[in-house]
Amino acid sequence: MQRSLYLLLFILLAGNGHAQSLKKYPLGKSGCYAYFLCNPGEFNADKSPDSSEVYTGECTKDSVSYGAICVKLKDTYDDMSVAENLLVMYLDFLKSSFKVTTAAGYGKGHRLKKKENTRGIVDYWKDEDGANWKVKGWTNGKYVSVMYVLTKGEVPEIKANAFLDSLVFPGM
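Attention in this report is confined to the structure presented alongside it. (Residues numbered from 1 in each chain as written. Predicted model: local features only at pLDDT ≥ 70, side-chain atom pairs only at ≥ 80, totals over all residues. Heavy atoms only, no water.)

Now for the side chain of K134. Summarising the element assignment, K134 is placed in strand β9 (residues 132-139). Here Y124 takes part through its side chain, which lies 3.2 Å from a polar atom of the side chain of K134. Separated by 2.8 Å, the side chains of K134 and E157 make a polar contact. The contact partners of K134, leaving out residues within four places of it in the chain, are V122, D123, Y124, M147, Y148, V149, V155, E157, A160, N161 and L164. (Helix = DSSP H or I, 4+ residues; strand = E, 2+ residues; numbered from the N terminus. Polar contact = N/O pair within 3.5 Å; in protein donor to acceptor, adjacent residues only side chain to side chain. Contact = heavy atoms within 4.5 Å.)

Moving on, we get to the packing of aromatic side chains. The full count for this structure, using the stated rule, is 10 aromatic pairs. Members of the aromatic cluster, connected to one another through ring pairs, are Y25, F36, F43, Y66 and F163. Just above the ring of Y33 sits the side chain of K24; from NZ or CZ to the centre is 4.7 Å. (Phe/Tyr/Trp six-rings, centres within 6.5 Å; stacked < 30°, edge-to-face > 60°. Lys NZ or Arg CZ within 6 Å of the ring centre and 35° of its normal.)

Bringing the environment of L73 into the picture now. For L73, the location among the structural elements is in the loop between β5 (64-72) and α2 (80-97). The buried category is assigned to L73, whose relative accessible area is 14%. A C-alpha to C-alpha distance of 8.8 Å links L73 and D50, two positions 23 residues apart in sequence. Here L73 is in contact with S52, L86, G141, K142, Y143 and V144, once residues within four sequence places are set aside. (Buried < 20%, exposed > 50% of the residue type's maximum accessible area, 1.4 Å probe, protein only.)

Attention shifts here to the nonpolar core. Side chains of a nonpolar character, in soluble globular proteins, are inclined to be buried together. Within the largest apolar cluster, 25 residues are counted, with the highest numbers of intra-cluster contacts made by L27, F36, Y66, M147, V149 and L167. For this core, the elements supplying multiple residues, two or more each, are β2 (33-36), β4 (53-61), β5, β10 (143-151) and α3 (157-164). In terms of residues, this core owes the most to one element, β5, which gives 4 residues. Discounting residues that sit within four places of it in the chain, L27 has contacts with C32, Y33, A34, F36, F43, Y55, A68, C70, S145 and L167. With 19 residues, the next largest nonpolar core counts V88, V100, V135 and Y148 among its residues. (Core = buried A, V, L, I, M, F, W, Y, C linked by side-chain atoms within 4.5 Å.)

Evaluated as defined, the whole model comprises 4 salt bridges. Among the ionic pairs, E116 bridges to R111, the shortest N-O distance being 3.4 Å. Note on E116: relative accessible area 56%, which makes it exposed. Here K134 ties to E157 by a salt bridge, and the two come within 2.8 Å at their closest N and O atoms. Within this pair, whereas K134 is found in strand β9, its partner E157 is found in helix α3, the two being separated by 23 residues in sequence. A residue is classified by how much of its surface remains accessible, and K134, at 6% relative accessible area, is buried. (Salt bridge = Lys/Arg side-chain N within 4 Å of Asp/Glu carboxyl O.)

Turning to α2, a few remarks are in order. With 18 residues, α2 extends 25 Å between its outermost C-alpha atoms, agreeing within 8% with the 26 Å of an ideal straight helix rising 1.5 Å per residue. For α2, the full list of buried residues reads M80, A83, E84, L87, V88, Y90, L91 and L94. Buried residues of α2, viewed axially, fall in a sector of 165°; they line one side. The exposed set on the far side of α2, more than 90 degrees from its buried face, consists of M89 and S96. For α2, the secondary structure elements touched by its buried residues are β4, β5, β7 (107-110), β8 (119-127), β9 and β10. Positive phi appears at K99, one or two residues downstream of α2, with a value of about 55°. (Expected span 1.5 Å × (residues − 1). Arc of directions from axis to C-beta.)

Quick look at the structure:
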């Protein structure tokens, strides 16, 4: 089943003779990776107020921006419900930072690559400039990562989902 899903994604992403392939890129020096449809270049590195390491990067292809924020947490959380609550707080912070005016609401219960020691949350946002966002936040208790797709038009769901689910935490 999974093999046929990847084949379908390849065919859909290849479309019309000009392939848009997913390529693996490191999210700065975080140890995490993601598959982008464009080259995000060098990720910016920063420190959060609690001294966690924050890596950010983004690229644009066909008027759609693909971005990732990866936070290597200073403290780790073995309790996945605590880690998920931290992810919710981070998504709430980002909504304010990105001037989000409307949100569909958090969809919880996702697992990254079917790993039980991960939690994922998806949401759709619209910002004050009218841009549409699809975001998916991930955590494993050691990292919090938010992947997003941003566009003035409709979110290209198939490409967005391939990107948003492509995160790889260290050790996966």
